[in-house]
Amino acid sequence: MSEKVNAPEISVKNVSMVFSDSKGNPVQALKNVSIDIQKGEFISLLGPSGCGKSTLLRIVSDLLTPTSGEVTVCGKTPRETRLEQKFGIVFQNPVLLDWRTVRKNIRLPLEMMKVPKEEQASRIEQVLELVGLKEFGNSYPGQLSGGMQQRVGIARALAMQPEILILDEPTAGLDPKERVKFRNIISSLGKEKTVLLS
């Protein structure tokens, strides 16, 4: 008797993406890409700059619509999954608001999600502890190093308690010590989340 195979959490089938360059000429970013990712898997996308890694992540997370092909996430369209707030996304630049403290930057998506204030506070403290920035909660982004700002970005994503964590070149520009810290944080998640890392 064969084992039942679970449906993939993320399914990409024959996805292609064509952009136009500054002169209107077509540029093929992705061509017939197919991949199935199971719940709890940690997938790293490797390749040289410009090979389409970020494009694929943006398609999966509903930030881009592919030219052709089909993507399902949690059995739904990427848009439906995004509207259900199942994605946590960390980009190369964490895009923090300079006038908000670390805690208030992390709080922002929770306010938008209308998470109760008491729960907001507990989630914020939990993720600050996880990323090793508890003592910097009242600091402003301009007072932090690039690596610390990136850890705030991942804390903000994790505070949303996403099922899927998408990391688009999050360690680019970090020094080796901060890269190790970042990797340790991601490794500590274990099988709790599905992780896509470019």
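Residues numbered from 1 in each chain as written. Predicted model: local features only at pLDDT ≥ 70, side-chain atom pairs only at ≥ 80, totals over all residues. Heavy atoms only, no water.

Enquirer: Now, about unusual backbone geometry: what can you tell me, with residues and values included?
Expert: Negative phi values dominate among residues other than glycine, just as trans dominates among peptide bonds. Positive phi, normally seen in glycine, also occurs at glutamine 85, with a value near 60 degrees. Topologically, glutamine 85 is positioned in the loop between helix 2 (78-83) and strand 5 (87-90). A positive phi angle, close to 55 degrees, is found at glutamine 161, a residue other than glycine. Among the structural elements, glutamine 161 can be located in the loop between helix 5 (146-159) and strand 6 (164-167). Residue glutamine 161 is classed as partly exposed on the basis of its relative accessible area of 45%. (Helix = DSSP H or I, 4+ residues; strand = E, 2+ residues; numbered from the N terminus. Buried < 20%, exposed > 50% of the residue type's maximum accessible area, 1.4 Å probe, protein only.)

Enquirer: Give me the nonpolar core: which residues, what numbers.
Expert: In this structure, Ile106, Val152, Ile154, Leu165 and Ile186 are the most contacted members of the largest nonpolar core, which totals 26 residues. Elements with a minimum of two residues in this core: helix 3 (102-112), helix 4 (117-131), helix 5, strand 6 and helix 6 (176-187). For this core, the leading source of residues is helix 5, giving 7 residues. In contact with valine 152, other than residues within four places in its own chain, are Leu96, Val102, Asn105, Ile106, Leu133 and Leu144. Counting residues in each nonpolar core, the second largest holds 19 residues, with Val12, Leu56, Ile59 and Ile164 among its members. (Core = buried A, V, L, I, M, F, W, Y, C linked by side-chain atoms within 4.5 Å. Contact = heavy atoms within 4.5 Å.)

Enquirer: Lay out the pattern of salt bridges with the relevant residues and their values.
Expert: On inspection of all chains with the given rule, the structure shows 14 salt bridges. Measuring nitrogen to oxygen at the nearest pair gives 3.7 Å for the salt bridge that ties lysine 134 to glutamate 125. Given the relative accessible area of 24%, glutamate 125 is considered partly exposed. The network of salt bridges with shared partners includes Glu9, Lys39, Lys76, Glu84, Lys86 and Glu163. (Salt bridge = Lys/Arg side-chain N within 4 Å of Asp/Glu carboxyl O.)

Enquirer: Please set out the sheet that holds strand 3 (residues 42-44) residue by residue, giving values where relevant.
Expert: Pairing is parallel across the open sheet formed by 4 strands, whose spatial order is 3-7-6-5. Edge positions in the sheet fall to strand 3 and strand 5, since each has one partner strand and no second. Averaged over neighbouring strand pairs, the angle between their axes works out to 10 degrees when direction is ignored. With 3 bridges joining them, strand 3 and strand 7 (residues 194-197) adopt parallel strand pairing. When the bridges of strand 7 are listed, isoleucine 43 appears paired with leucine 196. (Pairing = 2+ DSSP bridges. Axes fitted to C-alpha atoms, helices over the stretch in contact; angles between N-to-C directions.)

Enquirer: Describe helix 5, and please don't skip the residues or the numbers.
Expert: Under the 1.5 Å per step criterion, the end-to-end length of helix 5 is 20 Å for 14 residues, consistent within 8% with the ideal 20 Å. Most of helix 5 is tucked away, with 12 of its 14 residues classed as buried. Burial in helix 5 covers these residues: Gly147, Met148, Gln150, Arg151, Val152, Gly153, Ile154, Ala155, Arg156, Ala157, Leu158 and Ala159. In the core, the buried residues of helix 5 are packed alongside strand 5, helix 3, helix 4, strand 6 and helix 6. Positioned one or two residues after helix 5, glutamine 161 has a phi angle of 55 degrees, which is positive. (Expected span 1.5 Å × (residues − 1).)

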